[in-house]
There are 2 protein chains.
Amino acid sequence: MSALSSTAQRSDPVPPHLAELVGELVGELGPRVLLDPAQLAEHSRDASRAQPVGAALAVVAATCTDDVSAALRWASRHRVKVSVRGAGSGLAGGAVAYPDGLVISTAAMRRIVHLDPEAMLVDVEAGVVTADVDAAAAEHGLMYAPDPASHRWSTIGGNIATNAGGLRCVRHGVTADHVAALEVVLASGDVIRTGARTRKDVVGYDLTRLFVGSEGTLGVVTGATLRLRPRPTGPERTFRAVFGSLVDAGRAVTALAASGARPEVLELMDRASALAVEAHHPTGLDLRDSAAVLVGQFLGRNAEQDARTAESVCRAHGVQRVEVAQSDDLLEARRVAGRVLSAAGLRVSCDVGVPVPRLAEMFTAIAQISAEEGVLMPTFAHAGDGNLHPSVIVDGDDDAGRAHAEHVLDRVADAALALGGTISGEHGVGSLKRHALPRQLDDATHAAHRLVKDAFDPLGILTPQRAV
Amino acid sequence: MSALSSTAQRSDPVPPHLAELVGELVGELGPRVLLDPAQLAEHSRDASRAQPVGAALAVVAATCTDDVSAALRWASRHRVKVSVRGAGSGLAGGAVAYPDGLVISTAAMRRIVHLDPEAMLVDVEAGVVTADVDAAAAEHGLMYAPDPASHRWSTIGGNIATNAGGLRCVRHGVTADHVAALEVVLASGDVIRTGARTRKDVVGYDLTRLFVGSEGTLGVVTGATLRLRPRPTGPERTFRAVFGSLVDAGRAVTALAASGARPEVLELMDRASALAVEAHHPTGLDLRDSAAVLVGQFLGRNAEQDARTAESVCRAHGVQRVEVAQSDDLLEARRVAGRVLSAAGLRVSCDVGVPVPRLAEMFTAIAQISAEEGVLMPTFAHAGDGNLHPSVIVDGDDDAGRAHAEHVLDRVADAALALGGTISGEHGVGSLKRHALPRQLDDATHAAHRLVKDAFDPLGILTPQRAV
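Residues numbered from 1 in each chain as written. Chains lettered and ligands numbered in written order. Predicted model: local features only at pLDDT ≥ 70, side-chain atom pairs only at ≥ 80, totals over all residues. Heavy atoms only, no water.

Labelled according to an unreviewed UniProt entry, chain A appears under the name Glycolate oxidase, originating from Quadrisphaera granulorum. In UniProt, chain A has this text filed under Cofactor (unreviewed entry): "FAD". Heading Sequence similarities (unreviewed entry) of the UniProt record for chain A holds this comment: "Belongs to the FAD-binding oxidoreductase/transferase type 4 family." (UniProt positions renumbered as here; feature names shortened; annotations may be inferred.)

So this is what it looks like as structure tokens:
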């Protein structure tokens with residue numbers, strides 16, 4: 001936090017012309033405008049390693065759509081740069097404050113407005129916590145499927161901004177697949193309503209999908225209509241399989257995808273991740289001669305049959321040891337992996353994706369980079385989606401180490417692209433990966449993104465210089 | 001065809017300044033430029049009732065992306081309006097030619113470039129026929145799920161342009177859910193590549209989804225990477241249930257959606273449709289005292305159990321008669337419904353959607369409009385998606401009758417909107433429904449659509465004045 005305080009808190013007073021602007025904003029929004037330096041600092045960064053380079057002018061803690069609209073009209077009028085945040089759990093630096101910029105927070109907009117169990121839709125404000133939506137759905141035997149690791153504190157607005165993923169994506173899809181309609185405030189302050197309450201709708205462009213994943217660069221999402229599903233009931237089976245080779249593990253994942261078995265969760269940990277987790281959270285896992293651990297969960301009426309399919313697929317692909325259980329226990333190690341690795345040192349983590357059949361090659365490429373660069377790189381993956389999270393463990397405050405880690409992760413991104421992959425599967429581009437965008441998008445395609453950005457934000461005030 | 005010939009064929013010669021432009025195009029694209037009046041006429045309309053109001057200048061029968069690019073550069077240079085077509089099976093007038101406009105056809109681009117069974121992806125050119133993709137997938141135990149009624153002749157490019165639906169959507173989603181990546185030629189002639197080959201990708205905006213369903217107004221899709229799925233195997237069960245009340249049938253559909261049973265197909269026919277189909281295609285269906293017939297199909301390992309669930313859900317909701325079979329036979333009546341109704345007279349058909357629990361109310365609203373307007377309106381629906389296709393049967397060449405039918409369908413659209421629905425679930429807006437757009441989209445939201453349109457097509461040459 002020392003780095004934060006030194007950059008995001010202002011040492012000099014706010015210059016008079018800026019103070020006048022802030023006064024105007026306070027005149028419009030009163031106590032929803034936060035000006036206390038500690039509050040500004042608290043709202044100035046996200047959960048990534050990206051750091052604000054200067055203090056924001058003010059935070060608008062919006063309580064309703066009109067507050068957001070007023071804030072954006074003010075920002076447009078005065079050409080003030082705006083960052084947008086929910087819980088600040090983003091991992092790509094998308095919500096970091098701009099120097100002398102405005103922060104709009106939708107975290108106080110946390111009403112679940114209406115849940116319609118028959119239509120399996122729920123209308124929420126943007127600041128509702130993800131897990132709270134799922135809990136409300138559960139009362140009706142329904143589920144809100146997306147479950148990013150941060151789901152207990154991240155907001156729906158943030159999930160939508162980043163098109164958040166999670167463990168259950170392999171079965172149920174990403175956040176975008178569960179958003180039926182949006183209320184969005186444009187940079188101009190105008191409020192639009194995208195999408196529909198129907199399952200199918202082809203009227204106009206799919207602006208809903210355009211805003212999902214746009215990382216605050218096209219508008220501020222203030223409300224959403226989310227799709228719910230029947231909550232899986234019945235038996236639960238988990239399996240855990242230890243492989244002596246990454247290639248075998250990768251082939252097992254591909255074969256499982258083709259088998260018709262439908263895992264609710266399917267995760268792959270390399271040896272370094274598995275060892276670190278087992279050391280911290282012992283489960284009796286035998287990792288001798290292991291290269292990778294595959295864990296999966298099946299829920300519902302086909303759980304037993306699918307778990308047996310998974311077991312035999314693993315056996316057909318050279319598994320060393322495989323076990324099946326009737327509880328969630330075997331998954332627990334995977335669930336704590338992120339925390340355990342963070343505790344092991346400063347963890348510079350990353351998020352890349354490859355087509356599922358290239359998963360083993362990507363793990364192998366990471367191992368090679370790790371060896372060549374002389375850094376420890378534990379990696380786990382949402383295997384069923386081909387989405388990997390390699391980390392580089394570096395010493396705490398070592399600037400050279402951090403710079404080296406960034407270089408290493410750039411090599412990882414290049415390796416993913418070489419395998420037909422993506423530089424981000426679920427965390428977003430934000431500020432941390434924007435430099436790498438031209439490696440994935442050719443010039444004409446990148447220019448097409450900028451056409452959209454410029455159309456919605458002609459003044460360039462909304463999360464500028466990020467994401468696209 | 002008489003109306004077509006009189007409007008889409010030119011009686012006077014092409015004026016010299018236009019002839020010069022055409023000469024330039026022929027110089028660039030040679031025999032891919034079609035100029036024969038019969039060919040122009042053939043490429044000037046779609047499968048809807050929309051009529052061209054004047055003859056096109058030329059058709060470019062593109063054989064590759066470069067052809068499309070050259071054609072669009074030419075059109076941009078000379079401000080020539082462009083319509084785009086695959087098989088011409090569209091139902092909303094989106095592909096109808098513009099007077100003195102250019103038609104770009106991608107129908108000759110019909111290569112299946114590469115099918116990767118492990119990644120479950122297939123790269124195709126835009127002109128590939130939908131059913132051919134599914135057939136190619138079947139060779140590997142896979143399926144391409146979207147199956148619009150036209151799937152035996154419609155092209156993937158057209159399916160993408162309209163975000164086509166079909167019977168299997170209730171289980172597998174619409175076309176957009178199966179498109180991983182696109183190659184698109186912009187109005188400028190620039191070629192962009194959207195999306196990725198991964199299951200998850202959050203780099204940049206979701207331009208893939210933006211182009212899917214954009215009805216040729218933002219660019220010309222020339223290639224696509226489509227997602228395949230494991231082909232369902234194992235048992236097949238169909239069921240057919242006759243209800244004495246639309247309300248009961250609608251409640252049964254809602255209850256079935258909540259039951260966790262996963263129909264591959266779930267269709268509802270009102271009494272008028274069912275009677276017309278049964279008269280033409282007798283299946284021994286007893287329609288005495290009936291108000292609606294619900295038919296469904298289940299495939300795979302849960303088919304038997306799900307069919308029994310469907311049966312008991314129907315019994316719990318006042319069904320008159322319900323039968324379960326082990327073959328496709330009970331669905332056949334639904335499959336021929338469109339053809340049978342067309343044979344019954346000029347069929348002015350429509351496409352609206354409502355939230356599933358409002359299905360019965362929408363059928364009732366249609367019945368009321370039918371009674372008030374004194375027209376026969378047989379209606380069937382993709383019940384599981386809440387997507388209805390009411391038709392108005394009018395006398396063949398009766399202009400007043402057609403105008404009245406349009407008025408009736410506008411009332412239907414209003415009724416769908418009043419129930420929280422959409423004026424188009426799967427056919428698109430095209431030219432036929434554009435007048436109704438402001439009833440669904442408020443001014444600010446409509447303006448946001450125009451921002452996108454203007455960004456991609458600043459000269460207004462690409463399918464102008466349609467869709468948005």
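Regarding the overall build of chain A
Of the regular secondary structure elements, chain A holds 17 helices and 19 strands. The C-alpha radius of gyration of chain A comes to 23 Å, within 12% of the 23 Å expected for a compact globule of 468 residues. Principal-axis analysis of the C-alpha atoms gives chain A an extent of 70 × 55 × 45 Å. Sequence separation of 24 or more characterises 74% of the internal contacts of chain A that already satisfy a separation of 6 or more. For chain A, the accessible surface area stands at approximately 16,800 Å², while carbon and sulfur atoms represent 51% of it. (Helix = DSSP H or I, 4+ residues; strand = E, 2+ residues; numbered from the N terminus. Rg over C-alpha atoms; globule rule 2.2 N^0.38 Å. Contact = heavy atoms within 4.5 Å. Areas by Shrake-Rupley, 256 points an atom, 1.4 Å probe, with all protein chains shown as cover.)

Some thoughts on the interface of chain B and chain A
Counting residues at the interface gives 76 residues for chain B, matched by 76 residues for chain A. Across the chain B to chain A interface the summed buried area is about 5,800 Å²; carbon plus sulfur atoms make up 61%. For chain B, the biggest contributors to the area lost against chain A are K200, V202 and Y205 of chain B; these three give 17% of the whole. Linking chain B to chain A there are 10 salt bridges. Residue R199 of chain A pairs with D385 of chain B through a salt bridge whose shortest N-O separation is 2.7 Å. For the side of chain B that touches chain A, the secondary-structure elements that each account for two or more residues are α7 (169-172), β9 (191-195), α8 (207-211), α9 (246-259), α11 (303-316), α16 (437-440) and α17 (443-456) of chain B. In terms of residue count, the dominant contributor to the side of chain B that touches chain A is α17 of chain B (9 residues). Here the residues of the side of chain B that touches chain A sort into 33 nonpolar, 27 polar and 16 charged. (Buried area = accessible area lost by both parts, 1.4 Å probe. Salt bridge = Lys/Arg side-chain N within 4 Å of Asp/Glu carboxyl O. Nonpolar A, V, L, I, M, F, W, Y, C, P; charged D, E, K, R; others polar.)

Describing unusual backbone geometry
Residue and element names in this part refer to chain A. Positive phi is not limited to glycine here, since M120 has a value of about 55 degrees. Tracing the chain through its elements places M120 in the loop between β5 (112-116) and β6 (121-125). Residue classification places M120 among the buried residues on the basis of a relative accessible area of 14%. (Buried < 20%, exposed > 50% of the residue type's maximum accessible area, 1.4 Å probe, protein only.)

Looking at a positive patch on the surface
Positive charge collects at one region of the surface, where R229 and R262 of chain A together with R229 and R262 of chain B lie side by side. One can find R229 of chain B in strand β11 (residues 229-230). Assessed through its relative accessible area of 30%, R229 of chain B is described here as partly exposed. (Patch = residues over 30% accessible without salt bridge, like charges linked within 9 Å, V, L, I, M, F, W, Y side chains within 5 Å. Lys, Arg positive; Asp, Glu negative; His and termini not counted. Charge placed at Lys NZ, Arg CZ, Asp CG, Glu CD.)

Section: the relation of the copies chain B and chain A
Take chain B, turn it by 180 degrees, move it 0.0 Å along the axis, and it overlays chain A with an RMSD of 0.0 Å. Look at the turn and shift together and you get a two-fold axis relating the two. Looking at the interface residues of chain B, 100% of them are also at the interface in chain A, so both copies use one shared face. (Least-squares fit on C-alpha atoms with pLDDT ≥ 70 in both.)

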